[in-house]
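Residue-level listing of the chains:
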Amino acid sequence: MEIGQNEHNLPVPPADKVLFQKHVQRELDEIREEVEETCAVAKDVSPAPESAYNETVSLLEQIPRDVPMPDMMWLEDGGIGLEWRPGDGIVTMSFYGDNHVTFVTVLDDQYEIAGTCPLSDTILLPSFLATLPI
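Position numbers for residues count from 1 along each chain, tracking the sequence in the order it is written. Local features are withheld for residues below a pLDDT of 70 in this predicted model, meaning they are given only at 70 or higher, and side-chain atom pairs are given and counted only at 80 or more; totals for whole chains, interfaces and linings count all residues. The basis for every side-chain value is the complete set of heavy atoms in the structure, and neither hydrogens nor water enter the calculation.

Draft legend 1. Up close: the sheet that holds strand β3 (residues 90–95). Whether two strands pair comes down to DSSP finding at least two bridges between them. Secondary structure elements are taken from DSSP: a helix is a run of H or I of four residues or more, a strand is a run of E of two residues or more, and numbering for both begins at the N terminus. Taken in spatial order, the 5 strands of this open sheet run β1-β2-β3-β4-β5, and their pairing is antiparallel. The sheet terminates laterally at β1 (71–75) and β5 (111–118), the two strands that pair on one side only. Strand-to-strand twist across the sheet, computed as the mean angle between neighbouring axes with direction ignored, equals 15°. Pairing of strand β2 (residues 79–84) with β3 involves 5 bridges; the strand directions are antiparallel. Note on β3: the bridge partner recorded for E83 is T92. Should any heavy atoms of two residues lie within 4.5 Å, those residues are considered in contact. Axis definition: a line fit to C-alpha positions, over the contact stretch in the case of helices; interaxial angles, taken between N-to-C directions, run 0 to 180 degrees. Across the face of the sheet, helix α1 (residues 17–41) comes into contact with β1 and β2 while running at roughly 25° to β1.

Draft legend 2. The arrangement of unusual backbone geometry in detail. In this structure, N99 is a non-glycine residue whose phi angle is positive, near 65°. With respect to the helices, strands and loops of the structure, N99 is situated in the loop between β3 and β4 (100–107).

Draft legend 3. Looking closely at the pattern of salt bridges. Salt bridges are defined by distance alone: a side-chain nitrogen of Lys or Arg within 4 Å of a carboxyl oxygen of Asp or Glu. With the rule as written, the count across this model stands at 3 salt bridges. Across the salt bridge formed by R85 and E83, the nearest N and O atoms sit 3.0 Å from each other. Each residue is assigned to one of three classes by its accessible area relative to the maximum for its type, calculated with a 1.4 Å probe on protein chains only: buried under 20%, partly exposed between the two thresholds, exposed over 50%. Overall, the relative accessible area of 55% leaves R85 in the exposed class. Judged by its relative accessible area of 15%, E83 falls in the buried class.

Draft legend 4. Examining the pairing of β2 more closely. Among the 6 residues that make up β2, 6 are buried, leaving the element largely enclosed by the rest of the structure. Across the two faces of β2 the burial is the same, with G79, G81 and E83 and I80, L82 and W84 all buried. Sheet topology places β1 next to β2; 5 bridges connect them, and they run antiparallel. Looking across to β2, one finds that W74 is bridged to I80. From the end of β2 to the start of β3, which pair antiparallel, there are 5 residues, and G87 there has a positive phi angle of about 55°.

Draft legend 5. Just α1, in detail. Given the number of residues in a helix, its expected span is that number minus one, multiplied by 1.5 Å. The first and last C-alpha atoms of α1 sit 37 Å apart over 25 residues, in line with the 36 Å expected at 1.5 Å per residue. For α1, every residue scored as buried is listed here: F20, H23, V24, L28, I31, V35 and C39. In this fold, the buried residues of α1 make contact with α2 (50–60), β1 and β2.

Draft legend 6. Just the nonpolar core, in detail. What we call a nonpolar core is a set of buried Ala, Val, Leu, Ile, Met, Phe, Trp, Tyr and Cys residues that are connected through their side-chain atoms within 4.5 Å. Grouped together as the largest cluster of nonpolar side chains are 32 residues, with contacts concentrated most on L59 and M93. Among the secondary structure elements, those contributing two or more residues to this core are α1, α2, β1, β2, β3, β4 and α3 (124–131). Looking at which element gives the most residues to this core, the answer is α1, with 6 residues. Leaving out residues up to four positions away in the same chain, M93 has contacts with L59, I80, G81, L82, W84, V101, T102, F103, L125, F128 and L129.

Draft legend 7. Local environment of the pairing of β5. The sheet contact formed by β4 and β5 spans 8 bridges and is antiparallel. By the bridge assignment, V104 is partnered in β5 with A114. A loop of 3 residues connects β4 with β5, the two strands running antiparallel in sequence, and D108 in this loop sits at a positive phi of about 55°.

None of the figures reported here should be taken as evidence of function without further support.
Shown next, in the form of C-alpha cells:
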C-alpha cells in the first residue's frame, strides 16, 4: 500500500502506524546511505549521529496525520532536516542529536516563526506542531 495524496497532490502519512513507520524508515535508510557515500569521499562534511535519526522519527510520530509528509534530507553540518513547502512558504525542522529541534516557518513573506526548543518541551513544541496543518 502506498502513501496517499491530499488535495494538493502531496503525499500524506498513511493512517496505519506500521505503514507510516516503514515509510519513514525507508527514507532515513536512503539518507544514511547518502551520508556514508558522501563522507567516504568528502572530509568537509559531518555525518548525522544516530540520535538525530531517532529524534526525527520521534517528532514525525507527533505530527498531525493531516499534514503532508515532509521532504527528508541530510544536512551536511551533521543533522537531519525536514522540509515542507506550503504554497509560497517554507517550513523546516532540523535535528542534530542533541534532544533539540530547530524550526523555521516563513509563509508568504509575512508570517515567520523561528526557534529552537527541547524535544521534551510540552508547550512550545506542541504549539508549533499545531500550526503545521494551517
